[in-house]
Amino acid sequence: MSMETPLARVRGLGSARSGAHHWWLERLTSVSTLILFVWFIVSLLRLPSLEHDIVTSWLAAPLVAVPMLLLIVSTFWHLKLGLQVVIEDYVHEDGLRLFSITLLNFFAIALGALAFFSVLKIAFGGDAA
């Protein structure tokens, strides 16, 4: 027996069947971000000082740059997933919702790419400007 009302069946307003996947991705990115963030804080605390030269030489090491890149991807992906849920829940007009989600995607990709590029520039020996 269906829990759907006849009107809902006619309108086709049933489940999109993507909520569980989205929920699961949010949980996975939160755990990965937490683990990588703990690594980041512990690594910074183990440095002799937080001077520019020391931090950039630390970040240039491959065993540091790769987890830092993973932290950036995980953080911005989690940010995008979480804010998308907020927009979907609280923005009721379809056009504004689509615009907001599109803007969020561009924002998350742009800032994530900037952070990613900055780490790569330091890791590959570019002058950190």
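This one's a predicted model, so the numbers in the text were calculated from it and none came from an experiment.

Visitor: Describe in detail the overall build of the protein chain, supporting the description with residues and values.
Guide: Counting its secondary structure elements, the protein chain contains 5 helices and 0 strands. Going through the 129 residues of the protein chain one by one, you find that 26% of them count as buried. Carbon and sulfur atoms form 72% of the exposed surface of the protein chain, whose accessible area is close to 9400 Å².

Visitor: I'd like a description of a nonpolar patch on the surface, backed by residues and values.
Guide: On the surface, Leu79, Leu83, Val86, Tyr90, Phe107, Leu111 and Leu114 cluster together into a nonpolar patch covering about 650 Å² of accessible area. Elements represented by at least two residues in the nonpolar patch include exactly helix H4 (62-90) and helix H5 (94-123). Its location among the elements puts Tyr90 in helix H4. Residue classification places Tyr90 among the exposed residues on the basis of a relative accessible area of 64%.

Visitor: I'd like a rundown of H5, residues and numbers included.
Guide: The terminal C-alpha atoms of H5 lie 43 Å apart, and with 30 residues this matches the ideal 44 Å at 1.5 Å per residue to within 8%. Buried within H5 we find Ser100, Ile101, Leu104, Ala108, Gly112, Val119 and Ile122. The inward-facing, buried residues of H5 abut helix H3 (52-59) and H4.

Visitor: Any details on the side chain of Thr33? Residues and values, ideally.
Guide: Tracing the backbone through its elements, the reader meets Thr33 in helix H2 (residues 19-46). By relative accessible area, which is 15% here, Thr33 ends up buried. Contact partners of Thr33, with chain neighbours within four places excluded, come to Leu71, Ser74, Thr75 and His78.

Visitor: Summarise the packing of aromatic side chains; cite the residues concerned and give the values.
Guide: Under the criterion given, the structure shown has 5 aromatic pairs. Ring plane angle 25 degrees and centroid distance 6.1 Å describe the contact between Trp39 and Trp58, whose orientation is recorded as stacked. With Trp39 in helix H2 and Trp58 in helix H3, this residue pair connects regions lying 19 residues apart in the sequence. Look at Trp39 and you get partly exposed, because its relative accessible area is 23%. By the ring-pair criterion, three or more aromatic residues cluster together here, those being Phe37, Trp39, Phe40 and Trp58.

Visitor: I'd love a proper account of the pattern of salt bridges, names of residues and values included.
Guide: A side chain with one charge may pair with a side chain of the opposite charge, provided their charged atoms come close. Per the counting criterion, the structure on display carries 2 salt bridges. In this structure, Asp94 and Arg97 form a salt bridge, with 3.0 Å as the shortest nitrogen-oxygen distance. Of this pair, Asp94 and Arg97 both sit in helix H5, separated by 3 residues, roughly a single helical turn. The class for Asp94 is exposed, based on a relative accessible area of 56%. Of the residues examined, Arg97 reaches a relative accessible area of 23% and is grouped as partly exposed.

What counts as what
Think of each chain on its own: its residues are numbered from 1, step by step along the sequence as written. Reporting in this predicted model follows two pLDDT cut-offs: at least 70 for local features of residues, and 80 or more for side-chain atom pairs to be given and counted; totals over whole chains, interfaces and linings ignore these cut-offs and use all residues. The side-chain values count all of the structure's non-hydrogen atoms but skip hydrogen atoms and water molecules. Runs of E in the DSSP output that reach at least two residues are strands. Runs of H or I that reach at least four are helices, and both are numbered from the N terminus. The classification of residues rests on relative accessible area computed with a 1.4 Å probe and restricted to protein chains. Under 20% of the type maximum is buried, over 50% is exposed, and intermediate values are partly exposed. Only the protein chains shown count as cover for residues, with accessible areas throughout obtained via the Shrake-Rupley method and a probe of 1.4 Å. Patches here: salt-bridge-free residues with over 30% relative accessible area, like charges joined within 9 Å, nonpolar side chains (Val, Leu, Ile, Met, Phe, Trp, Tyr) joined within 5 Å. When a carboxyl oxygen of Asp or Glu lies within 4 Å of a side-chain nitrogen of Lys or Arg, that pair is called a salt bridge. A helix's residues, less one, multiplied by 1.5 Å, set its expected span. Throughout, a contact is declared for two residues whenever any of their heavy atoms are within 4.5 Å. For Phe, Tyr and Trp, where Trp contributes only its six-membered ring, two rings pair if their centres lie within 6.5 Å, and the inter-plane angle classes them as stacked under 30 degrees, edge-to-face over 60, or tilted in between.

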